[in-house]
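Fold and geometry: a report
Each chain is listed here by its residues.
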Amino acid sequence: MVAISHAMHTIWPAAAASSWFSWSWLHAANCDITNQTSSLVVPPSQTQLVAPTNESLSSVGLAFGIQNYTCTQSNNFTNVGAVAELIDVSCLAGSSVFRQLPDQLYDSWVNFNQSSVQEIIDHLHVLNPPEILAQHYFVSNPTTGQGLSPKWDFTSSGKFSGNKDAFFVGRGQGSLPAPTDPKKDINWLEVANVQGSIANTVFRTDTRGGQPPSSCEFGKTQDTSVRYVSFYYFSGGSIH
């Protein structure tokens, strides 16, 4: 088991063999980050991701999960959704350890083989620690009824538990190859609101992993899931 950071007093300390990590978040959840807009850093000299200037950040989640892919007739993989759990790291935004979190969590996540992400999510829902921010998955497009749309669901965790409006369904607004390693790390995204009150815009940044193999053989290659980690920033919204 790998501790995510000595500075955070081992958020994921060594634990029993049957669990991945234990929870000692040092009150890292539910902080007001309306003055931490600078923690959202987008690359310069591009127009795909534009940091908000007329609204504040409401929260930031550190996500671990999987990107799902299927092989197309063109013998390459296409994305067919994702499943992830978001941990509330709002209180750490702007701290000296904040930028280290994706690498440290990714190193642990890609080497953890005891449970699937869905099993971990199910287990955490039983424990229901306040540090769980949301779940990320895909739903039918609410506008056309065809295809899939990304959803961030806050309705079953933390301070928004039971609030039916605490979600975000979005559509892609901007996409930027990861400035780290675009062959390994999935794109950074800006996602605009279609439904829900939790935010007006979601940004995916600091991605680690998630990219599929470069080719496949249609009709023979099985669907695949690739583990990833990222930050998700939530901007604006009418409930906080």
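Each remark here, short or long, concerns the structure printed above.
About the cut-offs
- Residues numbered from 1 in each chain as written.
- Predicted model: local features only at pLDDT ≥ 70, side-chain atom pairs only at ≥ 80, totals over all residues.
- Heavy atoms only, no water.
- Pairing = 2+ DSSP bridges.
- Helix = DSSP H or I, 4+ residues; strand = E, 2+ residues; numbered from the N terminus.
- Axes fitted to C-alpha atoms, helices over the stretch in contact; angles between N-to-C directions.
- Contact = heavy atoms within 4.5 Å.
- Disulfide = S-S within 2.5 Å.
- Buried < 20%, exposed > 50% of the residue type's maximum accessible area, 1.4 Å probe, protein only.

**So, the sheet that holds strand β3 (residues 132-140)**
Ordered in space as β1-β2-β3-β4-β5-β6-β7-β8, the eight strands form a closed barrel in which the pairing is antiparallel. On average, each strand axis in the sheet is tilted by 35° relative to the strand beside it, whichever way the strands run. Sheet analysis places strand β6 (residues 188-195) next to strand β7 (residues 201-209), joined by four bridges and oriented antiparallel. Residue pairing in the sheet places L189 in a bridge with R204 of β7. Its contacts with the sheet put helix α1 (residues 101-109) on β1 (57-71), β7 and β8 (224-235), and the angle it makes with β8 is roughly 155°. Along the sheet, helix α2 (residues 117-127) makes contact with β1, β2 (77-88) and β3, crossing β2 at roughly 30°.

**Overview of the state of the cysteines**
As enumerated under the stated definition, the model contains two disulfides in all. Shown here is the disulfide that connects C31 with C91, its sulfur atoms set 1.9 Å apart. Between C31 and C91 the sulfur-sulfur dihedral comes to about 95°; the bridge is accordingly right-handed. Here C31 is found in the segment before β1, whereas its partner C91 is found in the loop between β2 and α1, with 60 residues between them in sequence. Here C71 engages in a disulfide with C216; their sulfurs sit 2.1 Å apart. In this structure the cystine formed by C71 and C216 twists about its S-S bond by roughly 95°; its chirality is therefore right-handed. Within this pair, whereas C71 is found in strand β1, its partner C216 is found in the loop between β7 and β8, the two being separated by 145 residues in sequence. By the burial criterion, C71 is buried, and C216 matches it. Sequence-ordered numbering of the bonded cysteines in the protein chain yields a pairing of 1-3, 2-4.

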